[in-house]
Each structure stands twice: as structure tokens, then as C-alpha cells.
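Chain by chain, the residues:
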Amino acid sequence: MKPRREGADVRSIIQRAEEGARLRLPEIGALLAIDDPDRAALLFSAAQRARERHFGRSIFMYGFVYFSTYCRNRCTFCFYRNGNQDSPRYRKSAEEVVEIALGLADSGVHLVDLTMGEDPTIHDARDYGALVDLVAAVRRATGVPVMVSPGVVPRSVLGQLRAAGADWYACYQETHSPELYRRLRPGQDYVLREASRSEAVAVGLYAEDGILLGVGETVFDRARSLLTMRAQGVQQVRVMGFVPQKGTPLAGREAPSLLAEMVTLATMRLVMPDRLIPASLDIDGLRGLEARLRAGANVVTSIIPPASGLAGVSQSTLDIDQGFRTVAGVVRHLAPLGLEPATPDEYQAWLRGTHTRCRSQEA
Ligand code: SAM
Ligand code: MD0
Ligand code: SF4
């Protein structure tokens, strides 16, 4: 009898979400705890309907340029943590980054994401000029929107990045439990990281937050994360299934199931139906794309040009040199799902529309 009752609960929670109710912590927890395919299927269908209501059938695609893999931090989950001898270290010159970004833009991405470790030559020197110039150069050369993922930077630098043409600042909290955060990002201030997203929004950037799945968090922690992200008003939210990395403290930890990641993604879609939610190619490569889109994602991220010498973050090489992590590789998987790539104008219109909505909410 119990499973039927739980099934009925899930149905009524989904119905409340579809009627526009703001789900509460226990309801969000009930959705996140789904671990059987039947109830998960109900959740995924609802997530697809929510995506369709807000974004139609269009999918946005983000190019990814990991331009410096040097980092001063020692996040316990990350391949690029300081001191890990196993990870590839490189720094791309501004000219190389512009050329790669141009290639990505020509291939049809809607945005270029410029990502780096907390490279000590920038962060310890507190010399962010080269980063700001890089954003300006990429924006000027490509004309496509730019996201920066530089780690925590001072508020004044966020303002300069905005002025240089950046639209987005990505900075993932990983968890909204300060105690677990300390184990994942040792020595990094929780409040400072959280504040950097609010500061980004205050200077006119959009912000992205995200959580890691399978790093010791409880279902309650996940539910709290969703509520915290909804409250902070970030425009893009993600869940990344943890991928164990060689040479790191969490190397021996098991990855979470694909089902758990899909359930979390779909719950995010119901809790924050109008936000952008990525399906990252950086976890399972192209193989996991369909599943994440079926769970309600509307952005494909971590598109990386082959033979560029660039790495992914949690899958440093998977599918890159075979050319699978490209716009062409992604697009052929959309039609069977009834989806299609958005036009550049659609993405620009979404950006402008969101700006307008933000302004009218403030008014
Ligand atoms: N260094 C900057 C920072 O940490 O904010 C920018 C890099 S950020 C894009 C790297 C993100 O990738 C992390 O915040 C984490 O969410 C994700 N990530 C890193 N290692 C991962 C792993 N082993 N498994 C899954 N996701 C991972
Ligand atoms: C991704 N590897 O989209 C990238 C990265 C940083 N803004 C994004 C985690 O999966
Ligand atoms: Fe550095 Fe970012 Fe990796 Fe942490 S997640 S070790 S800050 S690159």
C-alpha cells in the first residue's frame, strides 16, 4: 500500500507545482527522494511540460573555454586542485582564447563561457586586468554573450567584467550546508562565495549557482539548496553529478546514479520553472545528454572544440577529440526528443526579456 500512497503524494505535489504553487521544503524533499522509475517518469513529464511552457522547444548551447587550469585552491572533489600532479596544467594566451571563441561562435553556440581555476597569477596578485581585457576581446571578436567563471573576485572586478561586456557570472556553492561546504571547499569562505553572486546581480550580471550531487549531502541538504537558490534569484541553476577524480581526496567515492541526477534536475525545473537549467556534457559526455534533456534541462553546456588542447572540468578528455562535444554533435540528438536549437535572436531576446523582468520586479 505504501508505494501507492507515495505515488499519490508525488502526483498531488506535481499538480500543485503545475498550478503555480511555490513548493515548500517537505514537498521538495518528497520529489528529490524519488528513486523508482514509475514516479520518476511522472516527474520528468511534468518537468518537460514546465520547460515547454517557459522555453518552448528551443535549446540554448554554451561553448566552454577552460583557459587556465592553474588553481590555488584545494577543493576535495576537483581534478585541478592545487598540488594534484595528475591533472593537465596549461594557460592559453589571449590570442588563442579569442581564436577558439571565434570558432565556437561560428559553430553556432549562443554563449561562450570563459572559465579558469583560481589561478594564483591573477588571484594572489589581485591583478584582474588581463581577465577583464580577455572578456572585452572575446565579446568584441565574437559578438556572442559571454559568461565568466573565474572563482570569487572582488565586487569592483565584477563591475569591470560587466562593463567589458560579460553577461553572466557563474560561481557554484556546491552545497548550501556550510558544514559540508567546509569539507568540499576547505579554507574558502562560504559567505564570501555566496555574496559574490549577489554582488554580480547588483552590478547587472546574471548569476549561476549550482550543487554537486553525491558528495555526502542528504536529501534535506538538496532540498535546502533548491530553496536557497530560488530565494537568491539567480537566473541559471545546475546540478552536477560528482565524478571521482584521480589524485584527489574523494577519488574513492562512488558517483551518484544518473536517475538521482535526473530527479534532482527535474525537481529544480518544477521549483524554478523559468530558470535556465543546463545539461552538462562534462559528466557523461554525449551519452548522458538525452537523459538530462528528458529531465527538463534547456541548455547544453561544455561544448568544446576538438583538437583545441582544451580540457573539461570533471571529464577532462571524454568525447572532446572525437568531436562529439560540438554543436553538430549535440544538434542531431535534439530532433528525436522533439527539441531544436534556439536561434541566436531567441537567446538575445531571453537575455533582454529577463533584464526587463528584473527591472520591473525591482520597481
Ligand atoms: N575555479 C572556478 C570555481 O571553482 O568557481 C571555476 C571552475 S568551476 C566551473 C568548476 C565547477 O565544476 C565546480 O564548481 C563544480 O561544481 C564542478 N566540478 C568540479 N569538479 C567536479 C567533479 N569532480 N565532479 C562534478 N563536478 C565537478
Ligand atoms: C560545464 N564544465 O558546463 C563546465 C563548467 C563553468 N561555468 C561550467 C562546470 O559543465
Ligand atoms: Fe580550483 Fe575551481 Fe577546482 Fe576548486 S573547483 S580546485 S576553485 S578549479
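Worth saying up front: this structure is predicted, and the values here are computed from it rather than measured. Residue numbers here run from 1 along each chain, matching the order of that chain's written sequence. Chains carry letters and ligands carry numbers; both start at the beginning, A for chains and 1 for ligands, and go up in the order they are written. Local features are withheld for residues below a pLDDT of 70 in this predicted model, meaning they are given only at 70 or higher, and side-chain atom pairs are given and counted only at 80 or more; totals for whole chains, interfaces and linings count all residues. Hydrogens and water molecules were not included; the side-chain quantities draw on all heavy atoms of the structure.

A. Spatial organisation of the site of ligand 3. Here a residue is near a molecule or strand as soon as one of its heavy atoms is found within 4 Å of it. Residues in close proximity to ligand 3 include Tyr 66, Cys 71, Asn 73, Cys 75, Phe 77, Cys 78, Arg 81, Gly 117 and Arg 185, which together make up its full environment. The residue inventory of the shell around ligand 3, partitioned by class, reads five nonpolar, two polar and two charged. Throughout this entry, Asp, Glu, Lys and Arg are counted as charged residues, while Ala, Val, Leu, Ile, Met, Phe, Trp, Tyr, Cys and Pro are counted as nonpolar. The remaining residues, Gly among them, count as polar.

B. Layout of the packing of aromatic side chains. When two rings of Phe, Tyr or Trp (its six-membered ring) have centres within 6.5 Å they constitute a pair, described as stacked for plane angles under 30 degrees, edge-to-face for angles over 60, and tilted for the intermediate range. In this structure the tally under the stated criterion is 11 aromatic pairs. Ring centres 5.8 Å apart and planes at 55° place the aromatic pair Tyr 206 and Trp 350 in the tilted group. Of this pair, Tyr 206 sits in strand β5 (residues 206-213) while Trp 350 sits in helix α15 (residues 344-362), and the two are 144 residues apart along the sequence. For the exposure calls, accessible area comes from a 1.4 Å probe over protein chains only, and a residue counts as buried if that area is under 20% of its type's maximum, exposed if over 50%, partly exposed in between. Tyr 206 sits in the buried class, given a relative accessible area of 2%. According to the relative accessible area criterion, Trp 350 is buried, its value standing at 11%. An aromatic cluster is built from Phe 55, Phe 60, Tyr 62, Trp 168, Tyr 206, Tyr 347 and Trp 350, whose rings are joined through pairwise contacts. The helix and strand labels rest on DSSP assignments: H or I over at least four residues marks a helix, E over at least two residues marks a strand, and numbering proceeds from the N terminus.

C. Summary view of helix α6 (residues 129-142). Multiply 1.5 Å by the residue count of a helix minus one, and that product is the helix's expected span. Between its terminal C-alpha atoms α6 stretches 20 Å, which fits the 20 Å expected from 14 residues at 1.5 Å a residue. Here the buried face of α6 lies against β1 (58-68), α4 (94-107), β2 (111-116), β3 (146-149), α7 (155-163) and β4 (166-170). Gly 143 occupies a position one or two residues after α6 and carries a positive phi of about 75°. By definition in these notes, contact holds between two residues if any of their heavy atoms fall within 4.5 Å.

D. Structural context of the pattern of salt bridges. We define a salt bridge as a side-chain nitrogen of Lys or Arg found within 4 Å of a carboxyl oxygen belonging to Asp or Glu. As enumerated under the stated definition, the model contains 24 salt bridges in all. Linking Glu 18 and Arg 49 is a salt bridge whose minimum nitrogen-to-oxygen distance equals 2.9 Å. Taken together, the residues Glu 18 in helix α1 (residues 2-18) and Arg 49 in helix α3 (residues 37-55) connect sequence positions 31 residues apart. The class of Glu 18 is partly exposed, set by a relative accessible area of 26%. Across the pair Glu 208 and Arg 238 runs a salt bridge, and its minimum N-O distance is 2.7 Å. In this pair, Glu 208 sits in strand β5 while Arg 238 sits in strand β6 (residues 236-241), placing the two residues 30 residues apart along the sequence. Note on accessibility: Glu 208 and Arg 238 belong to one class, buried. One network of salt bridges, in which partners are shared, links Glu 261, Asp 284, Arg 287 and Arg 292.

E. Geometry of the site of ligand 2. With respect to spatial proximity, 13 residues lie near ligand 2, and among them Asp 113, Ser 149, Tyr 172, Ser 280 and Thr 301 are the closest. The contact in question runs from a nitrogen atom of ligand 2 to an N or O atom on the side chain of Asp 113, over 2.7 Å. Method for areas: the Shrake-Rupley scheme with a 1.4 Å probe, in which residue coverage is limited to the protein chains shown. Protein burial of ligand 2: of its 300 Å² of free accessible surface, 95% is covered by the chains. Mapped by element, the contributors of at least two residues to the shell around ligand 2 are β2, β6 and β8 (299-303). Here a polar contact means two N or O atoms within 3.5 Å. Within protein one must be a hydrogen donor candidate and the other an acceptor candidate, and residues neighboring in sequence count only if both atoms are side-chain atoms.

F. Representation of the packing of helix α2 (residues 25-32) against helix α11 (residues 258-271). Contact geometry of α2 with α11 gives a least axis separation of 9 Å together with a crossing angle of 145°. α11 is crossed by α2, and the crossing has right-handed handedness. Contacts between α2 and α11 involve Ile 28, Leu 31 and Leu 32 on the former and, on the latter, Val 263, Thr 264, Thr 267, Leu 270 and Val 271. To define axes, lines are fitted to C-alpha atoms, for helices over the stretch in contact only, and angles between the resulting N-to-C directions are given on a 0 to 180 degree scale. Each crossing gets its handedness from the near helix: less than a right angle anticlockwise from the far helix is left-handed, clockwise is right-handed.

G. Seen up close, the pairing of β3. Going residue by residue along β3, you find Val 146 and Val 148 tucked away on one face and Met 147 and Ser 149 tucked away on the opposite face as well. Across four bridges, β2 lies against β3 in parallel orientation. Bridging across to β3, Leu 114 finds its partner in Val 148. At least two bridges found by DSSP between two strands are what make those strands a pair. Sheet topology places β3 next to β4; three bridges connect them, and they run parallel.

H. Inspection of the pairing of β4 at higher detail. Along β4, five of the five residues are buried, which leaves the element largely enclosed by surrounding structure. Chirality of the crossover, the property in question, places the unit of β3, α7 and β4 among those that are right-handed. Here β4 runs beside β5; their pairing, made up of three bridges, is parallel. Looking at β5, one finds that Ala 170 is bridged to Glu 208. A right-handed crossover is one whose linking path, passing over the helix from the first strand to the second, runs clockwise when the strands point away from the viewer.

I. Examining the environment of Val 65 more closely. Mapped onto the fold, Val 65 is located in strand β1. According to the relative accessible area criterion, Val 65 is buried, its value standing at 0%. As a C-alpha pair, Val 65 and Leu 114 span 49 residues in sequence and 5.1 Å in three-dimensional space. With near-sequence residues (within four places) excluded, Val 65 lies in contact with Val 97, Ile 100, Leu 104, Val 112, Asp 113, Leu 114, Thr 115 and Leu 310.

J. Region of the structure containing the side chain of Arg 230. Structurally, Arg 230 can be placed in helix α10 (residues 219-232). Positive: Lys, Arg. Negative: Asp, Glu. His and the chain ends are not part of the count. Of the buried charged residues, Arg 230 lacks a salt bridge, with Glu 27 as the closest side chain of opposite charge at 7.6 Å. Within the local environment of Arg 230, its side chain forms a polar contact with the backbone oxygen of Leu 23, the two atoms lying 3.1 Å apart. With near-sequence residues (within four places) excluded, Arg 230 lies in contact with Arg 22, Leu 23, Val 271, Met 272 and Arg 275.

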